[in-house]
There are 2 protein chains.
Amino acid sequence: GSTGEKYREMSVAEFFAKNKELAGFANPTRALYQTIRELVENSLDATDAKGILPWIHISIRQIEGSEDKGGRPRYRVTVEDNGIGVPVTSMAMAFGKVLFSSKYVIRQTRGMYGLGVKAAILYGQMTAGTPVEVYSATKGSQYVYMMKLVIDVQRNEPRILERGEWNKRGSWHGTRVTLSLEGDWSRAKSKILEYIKRTAVIAPYAEIILETPDGEIYYFPRSTRKLPKPPRESKPHPHGVDIEQLKSMLRNTRASTLREFLVKEFQSIGDKTAQDFLERYGLDPGLKPRELLKKGREGLLRRLVDALMEYPFRAPKSDYLSPIGSDIIEIGLRRMFNPEWVGAVSRSPKAYRGHPFIVEVGIAYGGGIEPRSEPLLLRYANKIPLLYEEREDVSYKVVSSINWRQYNVDFPAPLVVLVHIASTKVPYKGVGKESVSDVPEIEAEIRNAVQEVARRLRLYLSRKAREEEAIRRSVTLAKYIPEVA
Amino acid sequence: GSTGEKYREMSVAEFFAKNKELAGFANPTRALYQTIRELVENSLDATDAKGILPWIHISIRQIEGSEDKGGRPRYRVTVEDNGIGVPVTSMAMAFGKVLFSSKYVIRQTRGMYGLGVKAAILYGQMTAGTPVEVYSATKGSQYVYMMKLVIDVQRNEPRILERGEWNKRGSWHGTRVTLSLEGDWSRAKSKILEYIKRTAVIAPYAEIILETPDGEIYYFPRSTRKLPKPPRESKPHPHGVDIEQLKSMLRNTRASTLREFLVKEFQSIGDKTAQDFLERYGLDPGLKPRELLKKGREGLLRRLVDALMEYPFRAPKSDYLSPIGSDIIEIGLRRMFNPEWVGAVSRSPKAYRGHPFIVEVGIAYGGGIEPRSEPLLLRYANKIPLLYEEREDVSYKVVSSINWRQYNVDFPAPLVVLVHIASTKVPYKGVGKESVSDVPEIEAEIRNAVQEVARRLRLYLSRKAREEEAIRRSVTLAKYIPEVA
Ligand SMILES: Nc1ncnc2c1ncn2[C@@H]1O[C@H](COP(=O)(O)OP(=O)(O)O)[C@@H](O)[C@H]1O
Ligand SMILES: Nc1ncnc2c1ncn2[C@@H]1O[C@H](COP(=O)(O)OP(=O)(O)O)[C@@H](O)[C@H]1O
Ligand SMILES: [Mg+2]
Ligand SMILES: [Mg+2]
Ligand SMILES: [Mg+2]
């Protein structure tokens, strides 16, 4: 029986090529912006998270003649860093296979989907038709490797067109990626500059250089050599585990009993907790992990997952997180706005569905800030500035719902609110990573954090008002004294 | 040189399992809703788009004992239809491989990503740990086939656990899908009912039955046997083609010259247009398609794509689209709200980046509509009701920016606005298909459509005001007459 339908499979590369707007490549403006973002985020993940003071060089050049004869403008983008590099054995895949990554672990990283640089490369292939060129050297290696490749869209595989290998001269390590794409520099410019500025502000330990197609050079110098503690990798927390994941953990564990399995494979489970947990749910501590995978044991497996979800295990650990810190947030806001008042807080860690997260909030008021009809909101997630889709973001939801009157702020007012969410799993709304979903736990923390800093602002503003009132009175008095005298 | 990083590949099944919120499965409420949606949308694609009057039976049952001992409630969902069925040769893949579809063609369908039912099945595996069960029979076949399968998450492949095959008794054809998942019926209920109601309203030719876990049965009878003309499949429009796509078309074409290639493989290019196009850009009509794929021809390929993008080809054809129609929109709005006034428009087709689209708008006013502080917005895309993420949608952007005063509407007002976008490619913001991006061409059309109907509403409202004023005057007169007399 035929249905007249044409059934076929699509590779994930073709999927994101056909639906490029999903990854943030909806048009030439967004595409140029997103390309810079993805490359810079990879460079930062390869430096600050690895104990290296970042040095990042970005160059965007219009390709000669790309606008002749009605052609659409195309740009050559190069981003170079001094990061850990990519081992030659993983290089072709890291840049040539969608869903290949070193970040599929429980750790706070900017990247998480294994898609970013490939989405940019695909967009380049679709609009400029040229390969990507990658140079990379790891720290330990004596060689620099080069590859020119395209992504075979139908197979989701790298097709290497050229490769090279050189002895290292100095001790250089890092990565340099060059690709060409259609773009709209005149429209993307302000967003790209804003993105880099906001990145520099919370990563004052980074040195960033941007060469623009207009021939300008923007230099963001390093202002401190103090690096944040790199985030550590962690094991899954029992509150976040599902049946599929549990099965795969049971298949791969070396533990020989259920009890050992719990202690070994999860965070927040020690010997005592494991014992109490198993007793409470009447589970056999000596059960062999593989037994749970046998046919007929589905019910037991479900009970175990439900129990893991329900039992009050310790919250996930926060040493897996790398917040910005209230000091750097305050310094950053001062530098950006030269305000009259600044305050910031870095809250203690919380968790949602087994994922630890930290919310940080900074508020700046007055001084060089232009009064606006609503707060100027600066959003960050895992140290990435988010510039698009503000109104869909949980931070916007909270900040716009706050009754600012209560904090002595009357709009139009010169008010800036910065919100940073750090997590081993930021719940982005889309793979383009532009807005964060309103997970109840995160929403509540943002509200607490904003209120905490806003109360300090209120104190400041009411003291200021009292002082002004006192001055006004003394002036009035002064004015009247002569008359009285 | 090692970097200490763990590089690995992830299958697209694992990707959407790990990031289930991307496909609309963020929590048990959304997951239950999204599961119903995806199954119903598949059933409608298999019926109304294929000339079959839809009969769809939905049943949701709570699984016995799933809430015992602190367990989380799980539901068994079954959706059965009288559609075209799935051929046995494609059955395992259609339900067991993410990114396998019969809708990867240029045609207006509800599904487009090849993901929906698999996302539901994956969620079921993760939260209930049970396989999906599919029965299907195609029209021509003498057999009914059954498969129980799970998705092998690591390989993105179906693993068939059981299969069956029976001789058909009657002439039944269609599909029945059953799966279990964790859900939250009490919270999802209103959204699911709303979804089905809104579906029924614009598909009055469908018969839909819903059995709920509470034991209720909702019956939506068929109120007409008139089916819309099924959308046809089309060829790509030259304005929407990119270099990768062009390459693949050149590789697969049977045309032996560039000119033949253009006429054969694209819509909106006939002999005369092809000739004019080739002349204008100085392209050789006799060039062999495969020549363009050779090394060193990248520049020519880019020129060709730019030219295809630029040349004023006829707009894409609209007979590939299947709008709802202004009559059905008006009937639907009357049925839902029993309003005082209704108007609707089905605009003529337009295009964005080579994709044809039609915008339809209906407005209802007064009568049974509750006054609200802003218009009640009903959004549809390719006949799918969209219920979540309203504020991110292009329709919300337009409708909330309209100055309703200008149309004699003062809020709070009893105003409903329905917007339908039909296209061979709806630019959803995410794979969960809940909101549409603000593509400038679509935004402009929505604005035009809303204004067109709103003007008619203004006419009605001002006539009504005049009449009321006249009555008021005559009453006043009547009141005074006795005194005068
Ligand atoms: N500049 C870089 N330095 C070191 N490694 C990199 C760099 N760029 C990419 N990579 C490697 O390539 C992988 C894939 O990158 P990408 O596609 O952007 O996905 P993601 O960043 O989400 O992992 C990264 O996980 C990383 O291991
Ligand atoms: N009820 C059904 N009747 C007929 N075919 C179906 C049905 N459900 C699913 N299919 C087939 O399975 C394919 C995959 O479905 P799905 O994963 O929902 O993706 P999509 O609907 O986007 O194609 C569909 O393209 C269709 O060919
Ligand atoms: Mg990345
Ligand atoms: Mg432990
Ligand atoms: Mg579908």
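The notes below deal with the structure included here. These figures come from a predicted structure and were not determined experimentally. (Residues numbered from 1 in each chain as written. Chains lettered and ligands numbered in written order. Predicted model: local features only at pLDDT ≥ 70, side-chain atom pairs only at ≥ 80, totals over all residues. Heavy atoms only, no water.)

**A few points about the side chain of R347 of chain B**
Residues and elements named next belong to chain B. Summarising the element assignment, R347 is placed in the loop between β11 (341-346) and β12 (350-352). Looking at R347, its side chain comes within polar contact range of the side chain of E445, at 3.0 Å. Within the local environment of R347, its side chain forms a polar contact with the side chain of E452, the two groups lying 2.8 Å apart. (Helix = DSSP H or I, 4+ residues; strand = E, 2+ residues; numbered from the N terminus. Polar contact = N/O pair within 3.5 Å; in protein donor to acceptor, adjacent residues only side chain to side chain.)

**Describing the nonpolar core**
If you look at the biggest cluster of nonpolar residues, it comprises 211 residues, and the most contacted ones within it are W404 of chain A together with W404 of chain B. When sequence neighbours within four positions are dropped, the list of residues in contact with W404 of chain B reads I363, P375, V399, V409, F411, L415, V417, V450 and A454 of chain B. (Core = buried A, V, L, I, M, F, W, Y, C linked by side-chain atoms within 4.5 Å. Buried < 20%, exposed > 50% of the residue type's maximum accessible area, 1.4 Å probe, protein only. Contact = heavy atoms within 4.5 Å.)

**So, the pattern of salt bridges**
Evaluated as defined, the whole model comprises 85 salt bridges over all chains. In this structure, the salt-bridge partner of K397 of chain B is E443 of chain B, at a minimum N-O distance of 3.2 Å. Placement of K397 of chain B in helix α11 (residues 394-401) and of E443 of chain B in helix α12 (residues 440-484) is noted, with a sequence separation of 46 residues between them. Using a relative accessible area of 37% as the deciding quantity, one classes K397 of chain B as partly exposed. On the basis of relative accessible area, E443 of chain B is assigned to the buried category, the value being 15%. Connected through salt bridges with shared partners, the residues R37, E38, E41, K433 and E434 of chain A form a single ionic network. (Salt bridge = Lys/Arg side-chain N within 4 Å of Asp/Glu carboxyl O.)

**Some remarks on the site of ligand 1**
Taken together, 21 residues lie around ligand 1, and S101, S102, K103, G114 and K118 of chain A are the ones closest in. Per-site note: the chains with residues close to ligand 1 are chains A and B. At 2.9 Å from an oxygen atom of ligand 1 is found a side-chain nitrogen or oxygen belonging to N42 of chain A. Note that an oxygen atom of ligand 1 is positioned 2.6 Å from one of the side-chain N or O atoms of S101 of chain A. Against a free-state accessible area of 530 Å², the protein chains account for coverage of 97% of ligand 1. Looking at the shell around ligand 1, the elements with two or more residues in it are α3 (88-96), β4 (100-101) and α4 (116-127) of chain A. (Near = heavy atom within 4 Å. Areas by Shrake-Rupley, 256 points an atom, 1.4 Å probe, with all protein chains shown as cover.)

**So, the interface of chain B and chain A**
With 69 residues of chain B at the contact, the number on the chain A side is 69 residues. Where chain B abuts chain A, roughly 6100 Å² becomes buried across the two surfaces, and 54% of that area is made up of carbon and sulfur atoms. Connecting chain B to chain A are 14 salt bridges. Its salt-bridge partner being E233 of chain A, residue K6 of chain B comes within 2.7 Å of it at the nearest N-O pair. Remark: the boundary between chain B and chain A carries 28 residue pairs in polar contact (both at pLDDT 80 or more). (Buried area = accessible area lost by both parts, 1.4 Å probe.)

**Examining the site of ligand 2**
Every one of the 21 residues lining ligand 2 counts as a neighbour, but S101, S102, K103, G114 and K118 of chain B are closest to it. Residues near ligand 2 are shared among chains A and B, making this a multi-chain site. Here an oxygen atom of ligand 2 sits 3.1 Å away from a polar atom, N or O, in the main chain of M112 of chain B. Here K118 of chain B contributes a side-chain N or O atom positioned 2.7 Å from an oxygen atom of ligand 2. Elements represented by at least two residues in the shell around ligand 2 include exactly α3 (88-96), β4 (100-101) and α4 (116-127) of chain B. Ranked by residues supplied to the shell around ligand 2, first place goes to α4 of chain B with three residues. Classifying every residue of the shell around ligand 2 by side-chain character gives 10 nonpolar, eight polar and three charged. (Nonpolar A, V, L, I, M, F, W, Y, C, P; charged D, E, K, R; others polar.)

**Some details on the environment of P131 of chain B**
Residues and elements named next belong to chain B. The topology assignment puts P131 in the loop between α4 and β5 (132-137). Taking relative accessible area as the criterion, P131 reaches 29% and is therefore assigned partly exposed. If we ignore the near neighbours within four places in the chain, the residues touching P131 are K148, L149, V150, L161 and T178.

**Topic: helix α2 (residues 28-45) of chain A**
The end-to-end C-alpha distance of α2 of chain A, which contains 18 residues, comes to 26 Å, matching closely the 26 Å that a straight helix rising 1.5 Å per residue would cover. Burial analysis of α2 of chain A places 16 of its 18 residues in the buried class, the great majority of the element. (Expected span 1.5 Å × (residues − 1).)

**Thoughts on the relation of the copies chain B and chain A**
Superposition record for chain B on chain A: RMSD 0.1 Å, screw rotation 180 degrees, translation along axis 0.1 Å. Read as a symmetry element, the transformation amounts to a two-fold axis. When you check the interface residues of chain B against chain A, 100% turn up at the interface there too, and the contact is symmetric in its surfaces. (Least-squares fit on C-alpha atoms with pLDDT ≥ 70 in both.)

**Comments concerning the sheet that holds strand β10 (residues 217-220) of chain A**
Residues and elements named next belong to chain A. Judged by pairing direction, the sheet is mixed, and its eight strands sit side by side in the order β7-β6-β5-β8-β3-β2-β9-β10 without closing on themselves. Every other strand in the sheet has two partners, leaving β7 (157-167) and β10 as the edge strands with one partner each. Across the sheet, the axes of successive neighbouring strands diverge by a mean angle of 10 degrees, strand direction being ignored. As judged from the seven bridges shared by strand β2 (residues 55-62) and strand β3 (residues 74-81), these two strands associate in the antiparallel manner. Note that in β3 the partner of H57 across the bridge is E80. Sheet strands in contact with α4 are β3, β5 (132-137), β6 (143-152) and β8 (174-182), and its direction is about 35 degrees off that of β8. Strands in contact with helix α5 (residues 185-202) are β2, β3, β9 (207-211) and β10; relative to β10, the strand with the most contacts, it is inclined by about 15 degrees. (Pairing = 2+ DSSP bridges. Axes fitted to C-alpha atoms, helices over the stretch in contact; angles between N-to-C directions.)

**Details of the pairing of strand β6 (residues 143-152) of chain B**
Residues and elements named next belong to chain B. Burial analysis of β6 places eight of its 10 residues in the buried class, which makes it a mostly covered element. Two strands pair when backbone bridges link them, and β5 and β6 are joined in this way by five bridges, in the antiparallel orientation. Paired with Y135 across the bridge in β6 is M146. Between β5 and the antiparallel strand that follows it, β6, lie five residues. The pairing of β6 with strand β7 (residues 157-167) spans 10 bridges and is classified as antiparallel. Directly across from Y143, in β7, lies its bridge partner N167.

**Notes on the environment of R372 of chain B**
With respect to the helices and strands, R372 of chain B occurs in the loop between β13 (355-365) and β14 (376-381). The residues touching R372 of chain B, leaving out its near neighbours within four places in the chain, are F411, P412 and A413 of chain B.

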